[in-house]
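Listed below are the residues making up each chain.
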Amino acid sequence: MAEKLAIDGGTPVLQRSDYKNWPIITDDDRRLINEVLDSGIMAGGTAPQVTALEREWAEYSGARYCLTTGSGTAALHMALAAVGVGPGDEVITSAFTFLASASCALHQNAVPVFVDIDPRTYNMDPSKLEAAINERTKVIIPVHIQGLPADMDPIMEIARKHDLFVVEDACQAHGAEYRGNKVGSIGNVGTFSLNNFKNLPGGEGGLFITDDKVLLNKGMLIRCFGDEIDEVSHRRIYNASILGYMYRNQELPAALARAQLMHLDERNNTRIANANFLTQELTKIPGVIPPYCPPECKHVYFMYNVRFDPAAAGVDCEPRRFRIAVEKALYKEGMLVGQWQTMPVPAQDIFQTKLGYGGSSYPWTINEAKGIKYEYGTHDYPVAKALCDTYTVVHGIHAPNGVDLMKKFVEAFQKVFADLDQALDHADDEIYPGPDGKLYGAG
Ligand SMILES: Cc1ncc(COP(=O)(O)O)c(C=O)c1O
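These lines cover the structure that appears in this document, whether it is placed above or below. These numbers come from a predicted model, not from an experiment.

## Section: the side chain of aspartate 116
Piece 1. Residue position: aspartate 116 is located in the loop between β3 (111-115) and β4 (137-141).
Piece 2. No salt bridge is formed by the buried aspartate 116; the nearest opposite charge belongs to lysine 128, separated by 4.1 Å.
Piece 3. Only 3.0 Å separates the side chain of aspartate 116 from the backbone nitrogen of alanine 384, close enough to count as a polar contact.

## Observations concerning the environment of phenylalanine 96
Piece 1. With respect to the helices and strands, the residue phenylalanine 96 is situated in the loop between β2 (90-94) and α4 (100-107).
Piece 2. When the C-alpha atoms of phenylalanine 96 and arginine 236 are compared, they prove to be 40 Å apart, with 140 residues separating the residues in sequence.
Piece 3. Setting aside residues up to four positions removed in sequence, phenylalanine 96 forms contacts with Ile117, Tyr122, Ile145, Gln146, Trp340, Gln341, Ala384, Leu387, Cys388 and Tyr391.

## Regarding helix α2 (residues 48-61)
Piece 1. Its 14 residues place the ends of α2 20 Å apart at the C-alpha level, agreeing with the 20 Å of an ideal helix rising 1.5 Å per residue.
Piece 2. For α2, every residue scored as buried is listed here: Gln49, Val50, Ala52, Leu53, Glu54, Trp57, Ala58, Tyr60 and Ser61.
Piece 3. Just past α2, the residue glycine 62 takes up positive phi, approximately 75°.

## Quick look at helix α3 (residues 72-83)
Piece 1. In this model, α3 (12 residues) spans 17 Å end to end at C-alpha, consistent with the 16 Å of a helix rising 1.5 Å per residue.
Piece 2. For α3, a buried count of 11 out of 12 residues is recorded, marking the element as mostly surrounded by other parts of the structure.
Piece 3. Those residues of α3 that fall on the buried side of the exposure criterion are Gly72, Ala74, Ala75, Leu76, His77, Met78, Ala79, Leu80, Ala81, Ala82 and Val83.
Piece 4. Between the side-chain oxygen of the N-cap and the backbone nitrogen of threonine 73 there are 3.4 Å, and the N-cap of α3 in question is serine 71.
Piece 5. Residue glycine 84 follows α3 closely and has a positive phi angle near 95°.

The rules behind each value
Residues numbered from 1 in each chain as written. Predicted model: local features only at pLDDT ≥ 70, side-chain atom pairs only at ≥ 80, totals over all residues. Heavy atoms only, no water. Helix = DSSP H or I, 4+ residues; strand = E, 2+ residues; numbered from the N terminus. Buried < 20%, exposed > 50% of the residue type's maximum accessible area, 1.4 Å probe, protein only. Lys, Arg positive; Asp, Glu negative; His and termini not counted. Salt bridge = Lys/Arg side-chain N within 4 Å of Asp/Glu carboxyl O. Polar contact = N/O pair within 3.5 Å; in protein donor to acceptor, adjacent residues only side chain to side chain. Contact = heavy atoms within 4.5 Å. Expected span 1.5 Å × (residues − 1).

Here you go:
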């Protein structure tokens, strides 16, 4: 007789107190934060922490230049503005990503176009990329989703063939590698987020890297109101030469990110070890599909995704309902599980209604006035849609959590999969704690 599941009144496998928090704060963080407080310098484009972070991140990621920004979203928009995206241009990105990979195009009056994903890696499927390219296409934004590098070789080859820029969205993939190269350093520009939950947290913030001096200079202008800098005094001369924004970062987030960078590789290694352990054990459970990492990639597991397959588990159940039932049962066993994106990005309301600037359909109307139609069909991205129906994120694989916690996760999975009928009986239970309907938010 299988053990009673926690969702049915049994004892949970683990407690919330078994989880340790992210980010990890050590004396390195305190020392650098104190340096800022003692210096009295809190901000500035050439302030010491910001400048040091730019130097250290460029060196770490193998790029010539780095600029800090106020967020990953700002870095993405800055990249599109720097490469010269303009009204009516099209920008291609992945259907399974965070909104900012696409909204950065709208912020530049360009139109986002989505490509479906590879069913094993959940990254943009390069075999579907060329069909999305036309004479309006200017940029491809591959996203290294959840810490796994996108398949950059074919993407770069297609970009070269069509003379397109590549802006890497590496916001979730600090330290990940593709064929030995750090992500972000492969395309024309690489962008990163320093948000609290990311592998390299600074509270909030972003990073923009490039090898191209022209793009660096453009980025610098765009980051600070488009203001020109006097060559001799290195001071702003309050004469904007181009359209810019206020996308600078500050000293406290930069100091925090620098201290976190000292530990990035070691903490990524913990994620990888935890993920490898989970993958090795969860693969043994029919119906559980752990994440796949191609041999040419170093995955840094910003998130650890699992998918569920009811047929492989021997259950006759609609896949989405099966995922919900298993997710609820695992949650009740004490696991922090739940969805991140619940639908492909093009299925979100903004793309269905095409509500842009001032409540109009601008910038889509720029091309629609010329007879070009934009429809983001919710069934046009079947692989991303199927993923969104069937995946959940297993939270807590970050350091300092280790194999002891992973063993409890495996125990919870084994317990639930030993009695799926019990789990399915509770598929309709109202157990979601958050007003957002999520079991647990990744941020
Ligand atoms: C894939 C991706 N792109 C861009 C961003 C935007 O980064 P930020 O939140 O720092 O603006 C995020 C943040 O979650 C992200 O996950």
